[in-house]
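A look at the structure
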Amino acid sequence: MHGRRLAMTDNIVCLTAQPHAGALDHLESWTTTHGIGLTVREVGEDVREADFEGGRETLGISVGGDGTFLEGIQAFAPRRVPLLGINTGTLAFLARIDPRDIDSALTETLRGRATVYDRQQFSVTTAGLDAVGINDVTIEPQPPERPVDRKICRLHVFVDEEYVGQYDGSGLAINTPTGSTGIALSAGGPIHYPNDNFTLQITPLHTHRMGVRPMVVSESTEITVVPDSEVRLSVDGGRYQTVVDRDEPVQVTGSDYRAHVVRTSYDDSFMGALAAKLGWGLRTVDSEPPEGYLPEREPPEDFLANACRVAREAAISAGEPVRELHGQVEQVEAKSSKADIVTEADHQSDRIIATAIENEFPTHGIRSEESGRRGGDSPYTWVVDPIDGTGNFAHGNPNYSIAIALLDGENTPVVGVVYAPETEEMFYAIRDDGAYRNGTPIAPTTRDRLDESMLLSGYDPDGEFLQAFYQETRGVRRLGSAALHLCFVAAGSADALWEYDTNPWDVAAGICILREAGGRATDADGVEYALSLADERERPRMPLLASNGPLHDALLDHLADENL
Ligand code: IPD
Ligand code: CA
Ligand code: CA
């Protein structure tokens, strides 16, 4: 989940252990000022479905210590709601924001500037128990009935199909990286840096063999533990508990869903928390690294680089709900014709992109296919197509994209971003800085002969382009997203494309990318294509012929011969 998506938050559900008047008052007055819904639930009270209903974008908050945070994970992670932890406890590794920083941390989050980290969870199943946890599952011997009875247990452990061996001792903990600072650390470590670390660890507890050490496996590994005697099993410090019979297998593997943890600049750092709370022997709380040891900071981004980064982040954030709705669209609304449609996903994407732009560039104008135009004091205008290829999207076809461009005062595109959520391809360009796909420079083909070329066609109402070029070339494909078509030509997977008429949001971002890659975009007469922000009804038809460059003259000649 991308932090920019949190700018859409309109609902907060707060879970609290011991009501902390200061923190809750802050939260209440902040949510009222910002017009955001707030529901407060006490630990032990059910967090209800109604707290999340109505298509709201919810942020979970825990007020308490790590115990409350873990309750929050149980309540919010299955609903894919991100969680921010306010620490009113003492020893907290998960809830890390001081109550005095609530306002600032929430403001940062609602500006879309917080980071959301995915945390590994595990699922554990055995007779009578099917649970999910984020810290650890411990398997320990039952207390002996008589002092002379056996006090240890023997556990047989398998990873996938392989037999690891027998663990004799006080049992085992199977922990995630998040759980590596609890029981696992007392039992011999190691500490895992928990962010985006998707592993599981098998940690022996008081083993009776010198050589037995913790072992790390991947999140998809099936860990099976078979006890030789009756044992106690406990998940996340007792949130779930059961007794497991002799020979009854316990299965542990990575959970299907991860927890989403929100981190702001007001959270204390993980290493700082280790030093402060566990007396981490490698540094003191405020230790600075020796000079010259940290990699040099990147120089501050210039305006266009920053604009391009914000646009890429907005596109990735918008892609999340869009991907979730792909192929499940029931409600399609027709606009000007049965082929001109819009879905709930177009609106969600539009809101996320507009919010990100308004937060970062409040003086810029915005022109969006779905929400019209908003003026600004600055000469810059953002041109947004929240989903290009909505027809494909609504029918479950992966060829659709999100297109965002920044135009300067002369309507020249100076930043272009086209993101394909299904393939996670990110095309982008900044004027005079080249064009890229997922960080790698792209370039068009060098073909200059029609009979060797592969063309793309977009809107071609009477099929004239198809008829004129199909026999002359290696083929004419129609994939259904003008923005992606332009990127395919820019990246060399087609040689040219044609659109009988275009709107600025269909092509602004793609044209920026194509031109930066070295391709050409003109009208049907070979005049450089000029974007127009005039009202659709007041502008003339805007045909687009775009190509790798070398093929352009042959295309123009053939267009003229065919009278197109
Ligand atoms: C459409 C697509 C299509 C193009 C149409 C556009 P939409 O955009 O880009 O490829 O040929 O002219 O309207 O409506 O899916 O955003
Ligand atoms: Ca479009
Ligand atoms: Ca669209």
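The next subject is the packing of helix α6 (residues 303-325) against helix α7 (residues 344-360). Two elements in contact, α6 and α7, have axes separated by 9 Å at closest approach and are oriented at 160 degrees. By the angle class used here, α6 and α7 are roughly antiparallel. Considering how the two elements wind past one another, α6 and α7 form a crossing that is right-handed. Judged by residue contacts, Val310, Ala314, Ser317, Ala318, Pro321, Val322 and Leu325 of α6 engage Ala345, Gln348, Ser349, Ile352, Ile353, Ala356 and Glu360 from α7. Considered class by class, the residues forming the contact of α6 with α7 number 10 nonpolar, 3 polar and 1 charged.

On to the site of ligand 1, then. Surrounding ligand 1, one finds 13 residues, the nearest of these being Asp388, Gly389, Thr390, Tyr459 and Ala482. Within the backbone of Tyr459, an N or O atom sits 3.0 Å from an oxygen atom of ligand 1. For the shell around ligand 1, the element with the most residues is strand β23 (residues 381-388), which contributes 3 residues. Considered class by class, the residues forming the shell around ligand 1 number 3 nonpolar, 5 polar and 5 charged. Mapped onto the domain boundaries, the shell around ligand 1 takes at least three residues apiece from domain 3 (303-440) and domain 4 (450-562).

Below, the discussion takes up the packing of aromatic side chains. Using the criterion set out here, one finds 11 aromatic pairs in the structure. Ring centres of Phe158 and Tyr163 lie 5.0 Å apart, and the angle between their planes is 45 degrees; this geometry places the pair in the tilted category. For Tyr163, a relative accessible area of 41% gives the class partly exposed. Each member of the aromatic cluster is reached from another via a ring pair, and the members are Phe303, Phe361, Tyr380 and Trp382. Over the face of the ring belonging to Phe198 we find Arg258, whose NZ or CZ atom lies 3.5 Å from the ring centre. Taking NZ or CZ as reference, Arg312 lies 4.3 Å from the ring centre of Tyr428, over its face.

In this section: the sheet that holds strand β6 (residues 122-126). Spatially, 6 strands are ordered β7-β6-β17-β14-β9-β10 in an open sheet, and the strand pairing comes out antiparallel. In this open sheet, the two strands that pair with only one neighbour each are β7 (129-133) and β10 (162-169). Put simply, the sheet's adjacent strands are angled 20 degrees from each other on average, direction ignored.

Ranked by internal contacts, the top residues of the largest apolar core, which has 38 residues, are Val418, Phe427, Ile513 and Leu544. Broken down by secondary-structure element, the contributors of at least two residues to this core are β24 (401-407), β25 (413-420), β26 (425-430), α10 (482-490), α11 (504-517) and β33 (544-547). Among the elements that take part in this core, α11 stands out by supplying 9 residues, more than any other. Excluding its chain neighbours within four sequence positions, the residues that come into contact with Phe427 are Gly416, Val417, Val418, Tyr436, Arg437, Ile442, Leu484, Cys487, Phe488, Ala491 and Ile513. Judged by nonpolar contacts, the second largest core, of 28 residues, contains Ala314, Ala356, Val415 and Tyr419.

In terms of domain boundaries, the chain breaks down into domain 1 (3-117 + 266-278), domain 2 (122-254), domain 3 (303-440) and domain 4 (450-562). Here domain 3 and domain 4 have C-alpha centroids that lie 20 Å from each other. Taken together, the 36 residues of domain 3 in the interface contact 24 residues of domain 4. The junction of domain 3 with domain 4 conceals about 2,200 Å² of combined surface from both sides, 66% of it contributed by carbon and sulfur atoms. Taken together, the connections running from domain 3 to domain 4 amount to 0 salt bridges. Residue contributions to the side of domain 3 that touches domain 4 peak at 7 residues, all from β25. Among the residues making up the side of domain 3 that touches domain 4, the classes are represented as 18 nonpolar, 9 polar and 9 charged.

On to the pattern of salt bridges, then. Following the criterion strictly, the structure yields 31 salt bridges and no others. Among the ionic pairs, Arg309 bridges to Glu313, the shortest N-O distance being 3.1 Å. With a gap of 4 residues between them, Arg309 and Glu313 both fall in helix α6, about one helical turn apart. We classify Arg309 as partly exposed; its relative accessible area is 28%. Among the charged side chains, a network of salt bridges with common partners joins Arg4, Arg113, Glu301, Arg309, Glu313 and Glu360.

Basis of the calculations
One numbering rule holds for all chains: residues counted from 1, following each sequence as written. Lettering of chains starts at A and numbering of ligands starts at 1, both following the order in which they are written. A pLDDT threshold of at least 70 governs which residues receive local features in this predicted model, and a stricter bar of 80 or more applies before side-chain atom pairs are shown or counted, although totals over entire chains, interfaces and linings include all residues. Side-chain numbers come from the whole structure's heavy atoms, not from hydrogens or water. Fitting a line to C-alpha atoms yields each axis, with helices limited to the stretch in contact; the angle taken between N-to-C directions then spans 0 to 180 degrees. For helices the rule is a DSSP run of H or I covering at least 4 residues; for strands it is a run of E covering at least 2, with both sets numbered from the N terminus onward. Orientation labels follow simple angle bins: below 35 degrees gives roughly parallel, above 145 gives roughly antiparallel, 65 to 115 gives roughly perpendicular, and whatever is left gives oblique. Rotating anticlockwise by less than a right angle from the far helix to the near helix defines a left-handed crossing, while the corresponding clockwise rotation defines a right-handed one. Contacts were defined at the residue level, with two residues in contact if any of their heavy atoms lie within 4.5 Å. When residue character is reported, Ala, Val, Leu, Ile, Met, Phe, Trp, Tyr, Cys and Pro are called nonpolar, Asp, Glu, Lys and Arg charged, and the others, Gly included, polar. The near set for a molecule or strand comprises every residue that places at least one heavy atom within 4 Å of it. Contacts described as polar in this section are N or O atom pairs within 3.5 Å, which, within protein, must combine one atom able to donate a hydrogen with one able to accept it, while residues neighboring in sequence count only if both atoms come from side chains. Domain borders in the structure are assigned automatically or taken from a domain database. Aromatic rings from Phe, Tyr and Trp, with only the six-membered ring used for Trp, were paired whenever their centres fell within 6.5 Å, and each pair was classed as stacked if the ring planes differed by under 30 degrees, edge-to-face if by over 60, and tilted otherwise. Between buried and exposed lies partly exposed: a residue is buried under 20% and exposed over 50% of the maximum accessible area for its type, with that area taken using a 1.4 Å probe on protein chains only. Placement of a charge over a ring requires the Lys NZ or Arg CZ to be within 6 Å of the ring centre, with the centre-to-atom vector within 35 degrees of the ring normal. Two strands are counted as paired when DSSP detects at least two bridges linking them. We define the nonpolar core as a collection of buried residues of types Ala, Val, Leu, Ile, Met, Phe, Trp, Tyr and Cys that are connected through side-chain atoms lying within 4.5 Å of one another. Note on definitions: buried area is the accessible-area loss of two parts on being combined, 1.4 Å probe, summed for both. Should a side-chain nitrogen of Lys or Arg be within 4 Å of a carboxyl oxygen of Asp or Glu, the pair is scored as a salt bridge.

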